[in-house]
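Next come the chains, spelled out residue by residue.
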Amino acid sequence: MPDFVLTSSMLEKSKNILVNSLINAGVRTVLLIDSAGNILVNLGQTADEIDAISLAALAAANLGATAQIAKLIGEDDFTLLFHKGKNGNINFGRIGNDLILITIFGEDVSLGLVRCRITDISESLRIIFEG
Amino acid sequence: MALIDLSKKEVHCKIVYYGAGRCGKTTNLLYIYNAMNTKNRGKMLTIDTKGDRTLFFDLLPLNLGKISGFDIRIQLYTVPGQVMYAATRKLVLKGVDGIVFVADPLRVRKERNKESLEDLRKNLKDYHLNLDEMPLVMQYNKRDLADTPIPTLTIAELEDDLNKELKRKYFEAIAIKGNGVFETLKEISKQTVHQVAVKHLLTTL
Ligand SMILES: Nc1nc2c(ncn2[C@@H]2O[C@H](COP(=O)(O)OP(=O)(O)OP(=O)(O)O)[C@@H](O)[C@H]2O)c(=O)[nH]1
Ligand SMILES: [Mg+2]
């Protein structure tokens, strides 16, 4: 896994996409991280409200563990990972080989909508970061 | 896998404390956490511990200040040392940039130390990384036990068991008291940041 060099242009392009499709749809927080747990993009709720570093580390480990579980039962990977809470929901999705898109949203936004939007933007995001 | 953020001028590196169960990895992080200024460290995340055994990992984010205009952010991780957590250990190693190998001096742990180093080498290989080319520091911990009746390994024996071919810098440590903890951290940070800088020709770093 090579090091990752994040440029201003990557950041700007991806932020535009994420704001237009997710934040404007009512998603509270969007985090784009790599599978080592580094945060590439952090949008929405500010860093004070959410411990983004811990969240990213746990999400990366969680998806790594999920992939292992998939292998144990003969699957390649599970494509969707979702946790539902009382006030918020969190969805994890893979982008390309090495990125994970985390979205946190309330009851006012439907999971279906979030997933559709993520599907729509996955490829553009992948191209920005992985070329 | 370091992250170099050119827009925020930040470099993020991942350093993993590796070693057999109970060798003192979590103790290193706890000491650093307690000794560092809150301005320069984030929250320490310790998940899923059972008693004091790590079941998943510990994480401590640090801010090591600026080098040539780049903010150096380091994330320290520990792996669970116990043999049965092989899968978790490998997960934590993903994207590692630098390693501290902590060795336990108890004579009864002699083989465990060697197995752990082999396990590290193999896990890195699965990620297409070569231990011989990684930033790596050895820490010979629990040196206080050398003055007790408990049978312990000498530094020469530890060197012979673990570092004969690698020939890396080593530090003697008493992690519970903090001896050697920051010396280890400083050296591995230096090596790791240097490697990232060289790789990306950030000649300014
Ligand atoms: N005497 C002595 N004991 C130590 C020292 N460092 C750590 N210990 C003790 O060793 C035990 C294990 O330390 P941990 O830091 O939890 O070990 P670990 O490597 O994180 O273990 P796992 O999480 O199981 O992999 C604890 O009881 C520590 O207090 C030391 O320098 N001297
Ligand atoms: Mg531990």
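This structure is a prediction, so every number in the text was calculated from the model and none was measured.

What counts, and at which threshold
Residues numbered from 1 in each chain as written. Chains lettered and ligands numbered in written order. Predicted model: local features only at pLDDT ≥ 70, side-chain atom pairs only at ≥ 80, totals over all residues. Heavy atoms only, no water. Buried < 20%, exposed > 50% of the residue type's maximum accessible area, 1.4 Å probe, protein only. Helix = DSSP H or I, 4+ residues; strand = E, 2+ residues; numbered from the N terminus. Pairing = 2+ DSSP bridges. Axes fitted to C-alpha atoms, helices over the stretch in contact; angles between N-to-C directions. Contact = heavy atoms within 4.5 Å. Phe/Tyr/Trp six-rings, centres within 6.5 Å; stacked < 30°, edge-to-face > 60°. Buried area = accessible area lost by both parts, 1.4 Å probe. Salt bridge = Lys/Arg side-chain N within 4 Å of Asp/Glu carboxyl O. Nonpolar A, V, L, I, M, F, W, Y, C, P; charged D, E, K, R; others polar. Near = heavy atom within 4 Å. Polar contact = N/O pair within 3.5 Å; in protein donor to acceptor, adjacent residues only side chain to side chain. Areas by Shrake-Rupley, 256 points an atom, 1.4 Å probe, with all protein chains shown as cover.

Asker: How should the pairing of strand E7 (residues 70–78) of chain B be read in this particular structure?
Answerer: A regular strand places its side chains on the two faces of the sheet in alternate fashion. Residues and elements named next belong to chain B. By the criterion of burial, E7 is predominantly enclosed, with eight of the nine residues buried. Bridge analysis of strand E6 (residues 58–67) against E7 gives eight bridges, and the strand direction is antiparallel. In the sheet register, Ile67 faces E7, and the bridge partner there is Phe70. Hairpin connection, E6 to E7: the antiparallel pair is bridged by two residues, and Ser68 has positive phi, about 45°.

Asker: Looking at this model, I keep getting lost on the sheet that holds strand E5 (residues 89–95) of chain A. Mind explaining?
Answerer: To summarise the sheet geometry, strands pair through backbone hydrogen bonds and adopt either a parallel or an antiparallel arrangement. All names here are of chain A. The sheet built from five strands is open, its strands ordered E3-E2-E6-E5-E4 with antiparallel pairing. Looking along the sheet, the strands with just one partner apiece sit at the ends: strand E3 (39–44) and strand E4 (81–84). This sheet shows a mean twist of 10° between the axes of neighbouring strands, independent of strand direction. Strand direction decides the pairing type here: strand E2 (residues 29–34) and strand E6 (residues 99–105), joined by six bridges, are antiparallel. Each residue of the ladder has a partner; that of Asp34, found in E6, is Leu99. Where helix H1 (residues 8–21) meets the sheet, its contacts fall on E2, E3 and E6, and the angle it forms with E3 comes to roughly 40°.

Asker: Can you walk me through the packing of aromatic side chains in this structure?
Answerer: Each aromatic ring pair is specified by the distance between its two centres and by the angle formed by the two planes. Here the structure, examined in full by the defined rule, presents six aromatic pairs over all chains. Centre to centre, the rings of Phe4 of chain A and Phe129 of chain A are 6.1 Å apart; their planes meet at 35°, and the pair counts as tilted. Of this pair, Phe4 of chain A sits in strand E1 (residues 4–6) while Phe129 of chain A sits in helix H3 (residues 111–130), and the two are 125 residues apart along the sequence. Of the two residues, Phe4 of chain A and Phe129 of chain A, neither departs from the other in class, the shared state being buried. Seen from their ring centres, Tyr140 of chain B and Tyr170 of chain B are 5.2 Å apart, and the 35° between their planes marks the pair as tilted. A residue pair is termed long-range when its members are at least 10 positions apart, and Tyr140 of chain B in strand E9 (residues 136–140) and Tyr170 of chain B in strand E10 (residues 170–172) qualify at 30 residues. Take Tyr140 of chain B: its relative accessible area is 0%, and that puts it in the buried class. Of the aromatic side chains, those joined through ring pairs into one cluster are Phe56, Phe57 and Tyr77 of chain B.

Asker: What is the right way to look at the interface of chain A and chain B in this model?
Answerer: Frequently, the measure chosen for interface size is the accessible area that the parts lose on association. Taken together, the contacts link 24 residues of chain A with 25 residues of chain B. Surface buried jointly by chain A and chain B totals about 2,200 Å² across both partners, of which 64% is contributed by carbon and sulfur atoms. Seen at the junction of chain A and chain B, the total is two salt bridges. In this structure, Asp3 of chain A and Lys199 of chain B form a salt bridge, with 3.1 Å as the shortest nitrogen-oxygen distance. Secondary structure elements with two or more residues in the side of chain A that touches chain B: E1, H1, E3 and helix H2 (52–72) of chain A. By residue number, the principal contributor to the side of chain A that touches chain B is H2 of chain A, which donates seven residues. Across the side of chain A that touches chain B, the residue classes break down as 14 nonpolar, six polar and four charged. Alignment of E1 of chain A against strand E1 (residues 3–5) of chain B, held across three bridges, turns out to be parallel. Each bridged residue has a counterpart across the sheet, and for Val5 of chain A the counterpart in E1 of chain B is Ile4 of chain B.

Asker: Just checking my understanding: could you explain the site of ligand 1 for this structure?
Answerer: Residue and element names in this part refer to chain B. Looking at ligand 1, there are 20 residues lining it, with Lys25, Thr26, Thr27, Thr54 and Gly81 nearest. One of the backbone nitrogen or oxygen atoms of Cys23 is found 3.3 Å away from an oxygen atom of ligand 1. Interatomic distance of 2.8 Å between a side-chain N/O atom of Asp144 and a nitrogen atom of ligand 1. When isolated, ligand 1 has an accessible area of 660 Å², and the protein chains bury 86% of it. Within the residue set of the shell around ligand 1, elements represented by two or more residues are helix H1 (25–35) and strand E5 (53–54). The dominant element in the shell around ligand 1, judged by the number of residues it contributes, is H1, at three residues. Classifying every residue of the shell around ligand 1 gives seven nonpolar, seven polar and six charged.

By themselves, these figures tell us nothing about what the structure is for.
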